[in-house]
Amino acid sequence: MDDEQLADLHKFLAEYHRRLAKEAVLDVVQQYHSDLAQRLADEAALIPRRTAIAQRLREGEQRIRDDKE
């Protein structure tokens, strides 16, 4: 699964939990699904940024290894 697919999955799950929150009768259940939806949406937004950071770290590690040789 690539980063775009993972972000799409998080967005899909966020929408699903938003729908569950709207349908919930109990306040505690509504709040749970709303909070979970927000966390999933936030995570979806961070996936590309984290991927870029990880790539830069890998490139930095590779340069360090190359410099030692």
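Our structure's up above, just so we're on the same page.
Throughout this description, residue numbers start from 1 for each chain and increase along the sequence as written. Residue-level local features of this predicted model are given only where pLDDT is at least 70; pairs of side-chain atoms are given and counted only at 80 or more, and the full residue set underlies all totals for whole chains, interfaces and linings. Calculated side-chain values reflect all of the structure's heavy atoms, with hydrogen atoms and water omitted.

With that out of the way, let us pick up helix H2 (residues 27-68). Each helix is a run of DSSP H or I of at least 4 residues and each strand a run of E of at least 2, with the numbering of both proceeding from the N terminus. Helices are assigned an expected span. That span is 1.5 Å times one less than the residue count. Taking 1.5 Å per residue as the helical rise, H2 with its 42 residues ought to reach 62 Å, and the 59 Å between its terminal C-alpha atoms agrees with that figure. Bend is computed residue by residue as the angle between axes fitted to the seven residues ending at the residue and the seven residues starting at it. Taking the largest bend as the criterion, H2 deviates by roughly 35°, centred on Leu-46, and proline Pro-48 comes between one and four positions later. Relative accessibility under 20% of the residue-type maximum defines a buried residue, over 50% an exposed one, and the middle range a partly exposed one, all with a 1.4 Å probe and only protein chains included. The set of residues buried in H2 consists of His-33, Leu-36, Ala-37, Leu-40, Ala-44 and Ile-47. Residue contacts are counted whenever heavy atoms from the two residues lie within 4.5 Å of one another. Elements in contact with the buried residues of H2: helix H1 (3-23).

As a further point, take a negative patch on the surface. Together, Asp-2, Asp-3, Glu-4 and Asp-8 give the surface a local cluster of negative charge. Secondary-structure assignment places Asp-2 in the segment before H1. Patches in this entry comprise residues that are over 30% relatively accessible and not in a salt bridge; like charges within 9 Å are linked, as are nonpolar side chains (Val, Leu, Ile, Met, Phe, Trp, Tyr) within 5 Å. Where accessible areas are quoted, they stem from the Shrake-Rupley method and a 1.4 Å probe; at the residue level, only the protein chains shown are allowed to cover. In the sections that follow, a salt bridge refers to a side-chain nitrogen of Lys or Arg positioned within 4 Å of a carboxyl oxygen of Asp or Glu. In this tally, Asp and Glu contribute negative charge and Lys and Arg positive charge; neither His nor the terminal groups of the chain are included. By convention, the charge on Lys lies at NZ, on Arg at CZ, on Asp at CG and on Glu at CD.

If you walk through the whole model with that rule in mind, you get 2 salt bridges. Two residues, Glu-15 and Arg-18, come together in a salt bridge whose shortest N-O distance is 2.8 Å. With Glu-15 and Arg-18 both in helix H1 and 3 residues apart, the pair spans about one turn of that helix. Exposure remark for Glu-15: the relative accessible area of 46% places this residue in the partly exposed category.

The next point concerns the side chain of His-17. Positionally, His-17 belongs in helix H1. If sequence neighbours within four positions are ignored, His-17 has contacts with His-33, Leu-36, Ala-37 and Leu-40.

Purely geometric stuff here, so don't read any function into it on its own.
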